[in-house]
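Summary of structural features
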Amino acid sequence: MGLMSGMVMGILFGIALMAGWKRMMNRRSDKRISKAVDVKQVSALNRDDLKKICGDNFPEWISFPVFEQVKWLNKHLSKLWPFVADAAEAVIRDSVEPTLEEYRPPGISSLKFSKLSLGTVAPKIEGIRVQSLKEGQITMDIDFRWGGDPDIILAVEAARIASIPIQLKDLQVFTVIRAIFQLTDEIPCISAVVVALLAEPKPRIDYTLKAVGGSLTALPGISDMIDDTVNSIVTDTLQWPHRIVVPIGGMPVDTSDLELKPVGKATVTVVKATELKNMELLGKSDPYVALHIRPLFKVKTKVIDNNLNPVWNETFELIAEDKETQSLIFEVFDEDIGDDKRLGVAKLPLIELEAGRSKQIELSLLPSLDMLKIKDKKDRGSLTVEVRYHEFTKKEQLSALEEEKRMLEERHKLKEEGVLESTVDAVDETASGAGAPVGAKAGHVGGGFAAVGSGLHKAGKFMERTIAAHTGGNKKGGATTPVNSIQENGGAKPRST
């Protein structure tokens, strides 16, 4: 009996032990699942959410990394840099030199690379973020840092002055690059790459200008001119949505889908301005408005003499190429002998406009779109505009693209004839013809520039105000020109009302 009772007790104890163990494991499993649910909910919180929960006890060391570190890529990039640099130099010469001529400021007859070497120091990739994955295409954002040892010399020529070589020293670049890879089934598996700089955070380019074997004082204002040209090129050609499309592999590739195309037009009526700041010692300012989406197609209203509450009621049509990121830029100037004085600037993002509906808006004028650098933040009045946005059909898009090219050719022609000193000069109403139809419902865009009136006698006055983008950074050699325009895009034609 003792043996039997011992066996029964042992079996019951074993069963109880197993039941207890199972219950304990089930409880631990339930706790893990509960914790996993809590962790998942916490992972969905952002920094602002955690600050609301923790209040003053929020630890500052908590970070939310957006970019993945790629130390391995930097090691390979350092080894491959001599070959990458050679390829990049060829691309820069082919694409940037024509752009230098396009944005060449008035007073400079030639601006080319005399020497171009990217040096031996490779850039550093701080991180990469995969923005989107879709069939046949990968979009990445690359946090790019470069403080290299390039050897870049610009040959600058001006009227009646011999060519002076200008060296760009201590070049540093801080920006986020958007790269779009178009995939293919054939080696090297990538048929084309799209490269652009993101507008936010703003690209920062620092450098020092030094005349080789001479002095910058031989060309007055040359530092500001080069600064302006660099800023314009970055904003109007490299900054998203603008992009550079590079075919890869040596085979003919259709890159039309990757190129930037017109997507719509903004019909803008500049109605009036109110309580402008007077910039004259005697009398009142003579205001006009220069407006653009893309600085390359800047237009302006007529001048209203001696009036701080001018009424224009002039209508323009501006082509947009990316409604999500582009903006309408309005600059109010006081026409004056010499350089016109800027009375204020305003920005209207296209994303705020609803297609097919007119919207009248009163915009507060600011001294600059980059208010961090401005000490004088006094009221500068307001500008009233009426805007209507129209989205292009496929047919209208193709017509607008051809019209935009024709407009640019007309500007080149006017520049060659000496009517415009720079392709990015604002064109007033007297320089525009009837234009050409964009489509059955698109109205007219662009200008024929058929008639050239007396109003173009001051067509070079925007030499130091056509900068797009804020490249940030202090340029050690020469004064930095204030940033006025932004990275936006579009074509334009004044239209009588």
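Now for a look at the structure at hand. Here the structure is a predicted model, which means the values were calculated and not measured.

From N to C terminus, the chain includes 5 helices and 19 strands. Every one of the 497 residues in the chain was classed for burial, and the buried ones make up 45%. Across the chain, the fraction of contacts at a sequence separation of at least 24, relative to all contacts at a separation of at least 6, is 70%. As displayed, the chain has an accessible area near 26,100 Å², and 57% of this comes from carbon and sulfur atoms.

Turning our eyes to something else, we now look at the nonpolar core. Formed by 40 residues in total, the largest nonpolar core has its most connected members in Leu 154, Val 156 and Ile 226. Of all the elements in the fold, those that place two or more residues in this core are helix 3 (71–102), strand 1 (108–117), strand 2 (124–134), strand 3 (137–146), strand 4 (151–158), strand 5 (161–183), strand 7 (204–211) and helix 4 (222–238). Here this core takes 7 residues from strand 5, the largest share from any one element. When residues no more than four places from it in sequence are discounted, the contact partners of Ile 226 are Leu 154, Val 156, Ile 166, Tyr 207 and Leu 209. Ala 273, Ile 304, Leu 308 and Leu 350 belong to the second-largest nonpolar core, a separate cluster that totals 30 residues.

Let us look at helix 3. Look at helix 3: only 39 Å from first C-alpha to last across 32 residues, short of the 46 Å you get at 1.5 Å a residue. Taken residue by residue, helix 3 has Asn 74, Leu 77, Trp 81, Ala 85, Glu 89, Thr 99, Leu 100 and Glu 102 as its buried positions.

Let's shift gears to the pattern of salt bridges. Side chains that carry opposite charge are capable of pairing whenever their charged atoms lie near each other. Throughout the structure, instances matching the rule amount to 13 salt bridges. In this structure, Arg 357 and Glu 354 form a salt bridge, with 3.5 Å as the shortest nitrogen-oxygen distance. The class for Arg 357 is exposed, based on a relative accessible area of 55%. Residue Glu 403 pairs with Arg 406 through a salt bridge whose shortest N-O separation is 2.5 Å. In this pair, Glu 403 and Arg 406 both sit in helix 5 (residues 394–416), 3 residues apart, roughly one turn of the helix.

As a further point, take a nonpolar patch on the surface. On the surface, Val 8, Met 9, Ile 11, Leu 12 and Ile 15 cluster together to form a nonpolar patch covering roughly 500 Å² of accessible area. One can find Leu 12 in helix 1 (residues 2–43).

On the surface, a cluster of positive charge is contributed by Arg 23, Arg 27, Lys 31 and Lys 35. Tracing the chain through its elements places Lys 31 in helix 1.

Below, the discussion takes up the environment of Ala 400. Along the polypeptide, Ala 400 turns up in helix 5. For Ala 400, a relative accessible area of 0% gives the class buried. In this structure, the C-alpha to C-alpha distance between Ala 400 and Ala 320, residues 80 residues apart in sequence, is 9.9 Å.

Before going further, it helps to examine the sheet that holds strand 14 (residues 341–349). One open sheet holds the 4 strands; their spatial order is 11-10-13-14, and the pairing between them is antiparallel. Each edge of the open sheet carries a strand with a single partner, namely strand 11 (299–300) and strand 14. Judged from the 8 bridges that link them, strand 13 (residues 327–334) and strand 14 form a sheet pairing that is antiparallel. Counted as the bridge partner of Ser 327 is Pro 349 from strand 14.

Turning to its location among the elements, Asn 278 is positioned in the loop between strand 9 (264–274) and strand 10 (287–292). The class of Asn 278 is partly exposed, set by a relative accessible area of 31%. Excluding anything up to four places from it in sequence, Asn 278 contacts Gly 283, Lys 284, Ser 285 and Leu 308. Among the polar contacts listed, one links the side chain of Asn 278 to the backbone oxygen of Gly 283, at a separation of 3.1 Å.

With that out of the way, let us pick up unusual backbone geometry. Across the chain, the bulk of peptide bonds are trans and the bulk of non-glycine residues have phi less than zero. Phi at Glu 275 is positive, roughly 55°, even though this residue is not glycine. Structurally, the position occupied by Glu 275 is in the loop between strand 9 and strand 10. Backbone geometry at Asn 306 places phi at a positive 50°, although glycine is not the residue there. Among the secondary structure elements, Asn 306 is positioned in the loop between strand 11 and strand 12 (311–320).

About the criteria used
- Residues numbered from 1 in each chain as written.
- Predicted model: local features only at pLDDT ≥ 70, side-chain atom pairs only at ≥ 80, totals over all residues.
- Heavy atoms only, no water.
- Helix = DSSP H or I, 4+ residues; strand = E, 2+ residues; numbered from the N terminus.
- Buried < 20%, exposed > 50% of the residue type's maximum accessible area, 1.4 Å probe, protein only.
- Contact = heavy atoms within 4.5 Å.
- Areas by Shrake-Rupley, 256 points an atom, 1.4 Å probe, with all protein chains shown as cover.
- Core = buried A, V, L, I, M, F, W, Y, C linked by side-chain atoms within 4.5 Å.
- Expected span 1.5 Å × (residues − 1).
- Salt bridge = Lys/Arg side-chain N within 4 Å of Asp/Glu carboxyl O.
- Patch = residues over 30% accessible without salt bridge, like charges linked within 9 Å, V, L, I, M, F, W, Y side chains within 5 Å.
- Lys, Arg positive; Asp, Glu negative; His and termini not counted.
- Charge placed at Lys NZ, Arg CZ, Asp CG, Glu CD.
- Pairing = 2+ DSSP bridges.
- Polar contact = N/O pair within 3.5 Å; in protein donor to acceptor, adjacent residues only side chain to side chain.

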